[in-house]
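Chains, contacts and geometry: an overview
Each chain, written out:
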Amino acid sequence: MRDCRMLIGGEWREAASGATFESINPFTGKAWARVPRAAAEDVDHAVRAARVAFMSPAWRGLNATQRGKLLTKLGDLVARDADALAELETRDNGKLINEMRAQLRYMPEWFRYFGGLADKIEGRVIPIDRPGMFNYTLEEPLGVVAAITPWNSPLMLGAWKLAPALAAGNTFVWKPSEYTSVSALEFGKLIEEAGIPPGVVNIVTGYGHEIGEALVGHELVAKVAFTGGDATGAAVYQTAARGIKPVTLELGGKSANIVFADADFDNAVKGVVSGIFAATGQTCVAGSRALVQRPIYEKFLEAFVAFAKTARMGDPLDTATQVGPITTEPQYRKVLDYIGIAKQEGARCVLGGGPAKRSECGAGLFVEPTVFADVTPSMRIAQEEVFGPVLAVIPFEDEEEAIRIANGSIYGLAAGVWTKDIARCLKMAGRLEAGTIWINTYRVSSYLSPFGGYKRSGFGRESGLLAIREYLQEKSVWIDASGETPNPFVTR
Ligand code: NAD
């Protein structure tokens, strides 16, 4: 058993109460780490430490270039330890080691990009319309940022918030998911090694329903950056509203992956398979609705099922494994519930449709890659986020119908389009209501390009140049350079 501590004010601490909880390896089903179970008191310590750090000369006294260099250094340390961190994540969340390694090896770019951006944050001089007046703006940090993240990409989703927040000069309190706290705590050691002053980054571990509100609602938290489910996001938004705090919400999705008859058939099959079965469907951008044009509908289903059948399940630490376990017990039950609902609704199950009882699955919580055909847009399996390896396939006639079905969702995180027609590419990109549109590809992302939701998938953007704005506030400074203060009883 690995014993973990939280990082608060530069110290490695247990919860004040001494309480802990266990982290379970989803493949073995066994506890492998013991993690502090924070309460409101610990959250208060962490937020106060972050506020003290925010006001301290050790952090405030750094110029933007120095701040940026610390982030660049942190990126280099993550690069050095990427494979070790990836292994911790796979033990914690059961995602494939190949995927976690790729994520962790790429993650330093966020620190390098935002580290480089730190000293390019500039104010403006306004050509003001008052004689003798000089008006300019300052771009300032907000203060203490509270970040809350889910279990599916634990470090990556933290990094997407941490890098711009620190580049802008804020300090940070991070609560990772209770299912995947270990890599965040290990990452905390790199924060120290990079020379980031104590208290600038604090990591508290615990259950969302126990400490989430204490963190979001804390009077010294100035901004909340949340990634998770939309129901939790709504609760976080309400708590933040009571304190009039800015929030960014990266929430769930029910993304449509649309295949036109003119698409490169083999590429489309691969793209739809990876859209839903990569990460065992446990990804916010999962292409969980495949919309397939009628002339190729049956042929596509046949090829898709044949290809999906070849997926190797098993130990996520084995590089040959292609589909891993479901991360948590509640999530496992939820996925199986949705499979039951789809069957009851009359969708045609053409692949999988239940727990995976293969010998290579060990004690893990595995679900067979599952495909439902002849789904209608109003079925729950076509409307609600499953967050597992379950695909709903819906036929369509033409562009207009595809757009209507794709947009007929409360969510708007991403959409995929497969076609060779350039005019159609442009039309679909313009009319689909989603924060990311992938054409003849799926599930790519970069530190350079904005990511975020439309509709109930949330608001605010992570990555890309403008993401830094989520962590800044603009101050307008007026200077009367005329030397003559006017008579206050005469309106100007
Ligand atoms: P979740 O909403 O259950 O939990 C997310 C985080 O919120 C966890 O750290 C949890 O402890 C915390 N939390 C729970 N209750 C809280 C409360 N009352 N106040 C404050 N925090 C609270 O989500 P999950 O099951 O961990 O993750 C899956 C969800 O995350 C899916 O809906 C998925 O689509 C979404 N997600 C979105 C993105 C994105 O970028 N849009 C990325 C990954 C995952």
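Please refer to the structure higher up on the page.
Everything numeric here is computed off the predicted structure, so don't read it as measured data. (Residues numbered from 1 in each chain as written. Predicted model: local features only at pLDDT ≥ 70, side-chain atom pairs only at ≥ 80, totals over all residues. Heavy atoms only, no water.)

Our next topic: the pairing of strand β7 (residues 133–141). Of the two faces of β7, the one lined by Met133, Asn135, Thr137, Glu139 and Pro141 is fully buried and the one lined by Phe134, Tyr136, Leu138 and Glu140 carries no buried residue. With 2 bridges connecting them, strand β6 (residues 125–126) and β7 associate as antiparallel partners. When the sheet's bridge partners are listed, Ile126 is paired in β7 with Asn135. Between β6 and β7, which pair antiparallel and follow one another directly, the connecting turn spans 6 residues, one of which, Gly132, has a positive phi of 80°. (Buried < 20%, exposed > 50% of the residue type's maximum accessible area, 1.4 Å probe, protein only. Helix = DSSP H or I, 4+ residues; strand = E, 2+ residues; numbered from the N terminus. Pairing = 2+ DSSP bridges.)

Tracing the chain through its elements places Gly143 in the loop between β7 and β8 (144–148). Overall, Gly143 belongs to the buried group, its relative accessible area being 0%. Each C-alpha atom of the pair Gly143 and Glu178 lies 25 Å from the other, and the pair is 35 residues apart in sequence. Not counting chain neighbours up to four residues away, the residues in contact with Gly143 comprise Phe54, Asn170, Thr171 and Ala222. (Contact = heavy atoms within 4.5 Å.)

What follows covers the nonpolar core. Counting 97 residues, the largest nonpolar core has Leu74, Phe111, Phe187 and Phe304 as its most contacted members. Among the elements that make up this core, the one with the highest residue count is helix α6 (residues 154–167) (10 residues). When near neighbours in sequence (up to four residues on either side) are disregarded, Phe187 contacts Leu74, Val78, Leu85, Met107, Phe111, Leu155, Leu162 and Trp174. (Core = buried A, V, L, I, M, F, W, Y, C linked by side-chain atoms within 4.5 Å.)

The next point concerns the sheet that holds strand β17 (residues 390–396). Two pairing modes exist for strands in a sheet, parallel and antiparallel, and in both the strands are linked by backbone hydrogen bonds. With mixed pairing, 7 strands are arranged side by side in an open sheet as β15-β16-β17-β14-β13-β19-β20. Of all the strands in the sheet, just β15 (348–351) and β20 (436–439) have a single pairing partner and so form its edges. Here the strands of the sheet are splayed against their neighbours by 25° on average, with no regard to which way each runs. Where strand β13 (residues 256–259) lies against strand β14 (residues 289–293), 4 bridges are found, and the strand directions are parallel. The residue bridging Ile258 from the neighbouring strand is Leu291, located in β14. The strands that helix α12 (residues 329–345) touches are β16 (370–373) and β17; relative to β16, the one it contacts most, it runs at about 25°. (Axes fitted to C-alpha atoms, helices over the stretch in contact; angles between N-to-C directions.)

Looking now at α6. With 14 residues, α6 should cover 20 Å at 1.5 Å per step; its first-to-last C-alpha distance of 20 Å lies within 8% of that length. α6 sits mainly inside the fold: 14 of its 14 residues count as buried. (Expected span 1.5 Å × (residues − 1).)

In the vicinity of the ligand lie 27 residues, with Thr149, Glu178, Thr232, Leu251 and Glu385 positioned nearest. Note that an oxygen atom of the ligand is positioned 3.4 Å from one of the backbone N or O atoms of Gly228. Thr232 is positioned such that a nitrogen or oxygen atom in its side chain is 2.7 Å from an oxygen atom of the ligand. Expressed as a share of its isolated accessible area of 850 Å², the protein-covered part of the ligand is 86%. Taken together, the elements giving at least two residues each to the shell around the ligand come down to α8 (208–216), β11 (221–227) and α9 (230–242). Ranked by residue count, the leading element in the shell around the ligand is α8, at 3 residues. (Near = heavy atom within 4 Å. Polar contact = N/O pair within 3.5 Å; in protein donor to acceptor, adjacent residues only side chain to side chain. Areas by Shrake-Rupley, 256 points an atom, 1.4 Å probe, with all protein chains shown as cover.)

A few words on the packing of helix α1 (residues 40–55) against α8. Interhelical geometry of α1 versus α8 gives an angle of 35° and a closest axis separation of 9 Å. The crossing of α1 and α8 is right-handed. Residues Ala40, Val43 and Val47 of α1 form the contact with α8, whose own contacting residues are Ile211, Ala214 and Leu215. (Left-handed = near helix turned anticlockwise from the far one by under 90°.)

Glancing now at the packing of aromatic side chains. The geometry of an aromatic ring pair comes down to the distance between the two centres and the angle between the two planes. One pass over the full model with this rule turns up 19 aromatic pairs. Ring geometry for Tyr106 versus Tyr447: centroids 5.9 Å apart, planes at 65°, classification edge-to-face. Residue Tyr106 is found in helix α4 (residues 97–106), and its partner Tyr447 is found in the loop between β20 and β21 (454–455); the two are separated by 341 residues along the sequence. Pairing Tyr113 with Phe114 gives two aromatic rings, centres 5.0 Å apart and planes at 90°, and the pair type is edge-to-face. Exposure remark for Tyr113: the relative accessible area of 18% places this residue in the buried category. Put simply, the rings of Tyr106, Trp110, Tyr113, Phe114, Trp160, Tyr447 and Phe451 touch in pairs and so form one group of aromatic residues. The positively charged end of Arg60 is found above the aromatic ring belonging to Phe54, 4.6 Å away from the centroid. Above the face of the Tyr471 ring, Lys223 is positioned so that its terminal group lies 5.0 Å from the ring centre. (Phe/Tyr/Trp six-rings, centres within 6.5 Å; stacked < 30°, edge-to-face > 60°. Lys NZ or Arg CZ within 6 Å of the ring centre and 35° of its normal.)

The values are spatial; any link to function lies outside them.
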